[in-house]
Amino acid sequence: MKLTEQDLHLLEFASYDDYLNSLIDGKSLQYFGNRENLISLYRTGYRALTKEAFDAQRTFLEVTKDPNTLFSRHITPKDRFLQEIAKRERPNRLGLLSTIIYMRYVKKATEISGYIDYEEALRRVHQDQQYSNDWRAIFAEERVLYPTPADLLYYNAKTGRSMRNNTRNYQILCDPARGIIFRNMYDRKDIYPDPVARSYGTNTSRIELASDLYEQVVLYDHVVRKNY
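Residues numbered from 1 in each chain as written. Predicted model: local features only at pLDDT ≥ 70, side-chain atom pairs only at ≥ 80, totals over all residues. Heavy atoms only, no water.

Please clarify how unusual backbone geometry should be interpreted in this entry.
Only a minority of non-glycine residues have a phi that is not negative, and only a minority of peptide bonds are not trans. Phi is positive for Arg47, which is not a glycine, with a value near 55°. Turning to its location among the elements, Arg47 is positioned in the loop between α4 (35-43) and α5 (51-65). Residue Arg47 is classed as exposed on the basis of its relative accessible area of 65%. (Helix = DSSP H or I, 4+ residues; strand = E, 2+ residues; numbered from the N terminus. Buried < 20%, exposed > 50% of the residue type's maximum accessible area, 1.4 Å probe, protein only.)

Explanation requested: the packing of aromatic side chains in the structure shown.
Two aromatic rings, taken as a pair, are described by how far apart their centres are and by the angle between their planes. Evaluated as defined, the whole model comprises 13 aromatic pairs. Ring geometry for Tyr102 versus Tyr115: centroids 4.8 Å apart, planes at 45°, classification tilted. Here Tyr102 is found in strand β1 (residues 97-107), whereas its partner Tyr115 is found in strand β2 (residues 110-117), with 13 residues between them in sequence. The exposure classification of Tyr102 matches that of Tyr115, with both residues buried. Feature note: the residues Phe13, Tyr16, Tyr19 and Phe54 constitute an aromatic cluster, connected by ring pairs. Over the face of the ring belonging to Phe71 we find Arg93, whose NZ or CZ atom lies 5.5 Å from the ring centre. In this arrangement the basic side chain of Arg178 is found over the ring face of Tyr192, its NZ or CZ atom lying 3.7 Å from the centre. (Phe/Tyr/Trp six-rings, centres within 6.5 Å; stacked < 30°, edge-to-face > 60°. Lys NZ or Arg CZ within 6 Å of the ring centre and 35° of its normal.)

Would you mind going over the pairing of β1 with me for this structure?
The buried fraction of β1 is high, at eight of 11 residues. As paired elements, β1 and strand β9 (residues 216-223) share eight bridges and run antiparallel to each other. Bridging from a neighbouring strand, Arg104 pairs with Gln216 of β9. Pairing analysis gives eight bridges linking β1 to β2, with the strands arranged antiparallel. Bridge pairing in β2 links Met103 to Gly114. Counted along the chain from β1 to the antiparallel partner β2, the turn is two residues long, and its residue Lys108 has a positive phi close to 50°. (Pairing = 2+ DSSP bridges.)

And the structure:
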């Protein structure tokens, strides 16, 4: 993605308040009253980014401008699961490793479960993209990661809603004997998420992690052998 001058303009602001103050001009004050009223109006998202959108967009721009900047940089998560995916962020973004995350997450007596293509989810950070993730907030344990209808597989136990999506990295197959299979689109190797399988696939390992934030978390790590 090529960044425009308008995109990079957001990086000039050290804080969200600086961004809001930059939007105030004489014409705006004339129509909406004093500065405090105008700032309060902007915070709602009227003719401005909300703080959530500003933070997500700024993070996206920082990473896009410098691909070596990691979302987990300078953050040390306490939760074991977050520690493990922080270790995997760089190799996933470089395409050396492809991690599929299985998780069960319970919120307000509703269980959401599914499989997440980690590399794709790392790219889904643009504020205009549905189901985007604020990864810095996730690594800082200020927000929680959970499967969404945009991920590989999604299931909401309360509503019964389920979704299945192929991604840039994986095609979903269903085998009558082995069940769900994820086929890597780069080396065409299959990943078998069956927890009782003797093998999870070529160059693929499985690790289940204890987490204080989730009911269950499993990582499937596939070492990608690209065919050039």
